[in-house]
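Results of the structural survey
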Amino acid sequence: MSADAQKFEDTFTITSVNAEKYDRVSRIFGQSTSNDVTLSLDINHELFPVSVGDAVNLVLADSINLQQDGAGGAKETTEKGWREAARGEPTLADMFEYVCHGRIYKFENPEGESGNVKCYISFGGLLLCLEGPYRRLSGCAIGKMYMLCKK
């Protein structure tokens, strides 16, 4: 994959799992191994079960294509959707257990926290919030994004 396509990567230790509100959805909370980024993520726990103490590798990328175009960037997918566009070609999604496609819709700078930002992403109603230093999350811009997870 093009290094330019990957916008964020870290491993999180799951600190809490809340599965009380919905039948198939859990909200998980985690802390990065470097202790500078926190995670709040809604997941379908039937597809990707996690428990407190699990280590989850999370990658945010604006493309899952492994093929390069002539300029060194990832080839663009067609408007059909990422599943149809990737048919027959290996993709970054093949290397992960849980993949979602969504949109970064908000960046927030909480008052009193110098240098920290919150990045909000929606995957069709399942939400991700990453909070950490601006320098770690600055590669993410409002727009489409893939989230890829594996244990």
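Calculation notes
Residue positions are given per chain, counted from 1 along the sequence in the order it is written. Only residues with pLDDT of at least 70 are given local features in this predicted model, and only at 80 or more are side-chain atom pairs given and counted; all residues enter the totals for whole chains, interfaces and linings. Side-chain measures were taken over the full set of non-hydrogen atoms in the model, leaving aside hydrogen atoms and water. UniProt positions are given in the numbering used here, feature names are shortened, and annotations may be inferred rather than shown by experiment. For the purposes of this entry, the term helix denotes a DSSP run of H or I that reaches at least four residues, the term strand denotes a run of E that reaches at least two, and both are numbered from the N terminus. We call a residue buried when its accessible area falls under 20% of the maximum for its residue type, exposed when it is over 50%, and partly exposed in between, using a 1.4 Å probe and counting protein chains only. Should any heavy atoms of two residues lie within 4.5 Å, those residues are counted as being in contact. pLDDT measures the predictor's confidence residue by residue and takes values from 0 up to 100. Two aromatic rings from Phe, Tyr or Trp, using only the six-membered ring of Trp, form a pair when their centres are within 6.5 Å; if the ring planes differ by under 30 degrees the pair is stacked, by over 60 it is edge-to-face, and anything between is tilted. In our convention, an over-ring charge means Lys NZ or Arg CZ found within 6 Å of a ring centre and within 35 degrees of that ring's normal. By disulfide we mean two sulfur atoms from cysteines, separated by a distance within 2.5 Å.

An unreviewed UniProt entry annotates the chain as DNA-directed RNA polymerases I, II, and III subunit RPABC3 originating from Lophiostoma macrostomum CBS 122681. Taken from UniProt, the Subcellular location (unreviewed entry) comment for the chain reads in full: "Nucleus". Listed under Sequence similarities (unreviewed entry) in UniProt, the entry text for the chain is "Belongs to the eukaryotic RPB8 RNA polymerase subunit family."

Moving on to the overall build of the chain. Across its full length, the chain carries 2 helices and 8 strands. Starting at the N terminus, the α and β elements of the chain follow one another as β-β-β-β-α-β-β-β-α-β. Looking at the chain as a whole, 40% of its 151 residues are labelled buried. By sequence separation, contacts in the chain at least 24 residues apart represent 58% of the contacts at least 6 residues apart.

To continue, consider the confidence of the model for the chain. Per-chain confidence: the chain averages 84 in pLDDT, with 80% of residues scoring 70 or above. Predicted confidence for residues 69-80 stays below pLDDT 50, and this span has 20 contacts to residues more than four positions away or in other chains.

The full count for this structure, using the stated rule, is 3 aromatic pairs. Their ring planes at 35° and their centres at 6.4 Å tell us that Phe 8 and Phe 12 sit as a pair that is tilted. Taking relative accessible area as the criterion, Phe 8 reaches 3% and is therefore assigned buried. Ring centres of Phe 48 and Tyr 98 lie 5.2 Å apart, and the angle between their planes is 15°; on these two criteria the pair is classed as stacked. Of this pair, Phe 48 sits in the loop between β3 (38-44) and β4 (55-61) while Tyr 98 sits in strand β5 (residues 98-108), and the two are 50 residues apart along the sequence. Of the two residues, Phe 48 and Tyr 98, both sit in the buried class. The ring of Phe 96 is capped by Lys 150, whose NZ or CZ atom sits 4.9 Å from the centre of that ring. Taking NZ or CZ as reference, Lys 151 lies 5.7 Å from the ring centre of Phe 48, over its face.

For the rest of this paragraph, the subject is the state of the cysteines. A disulfide bridge is the covalent bond that connects two cysteines by way of their sulfur atoms. Applying the stated rule across the entire model yields 0 disulfides. Sulfur of Cys 100: no disulfide; nearest cysteine sulfur belongs to Cys 149 and is 7.2 Å away.

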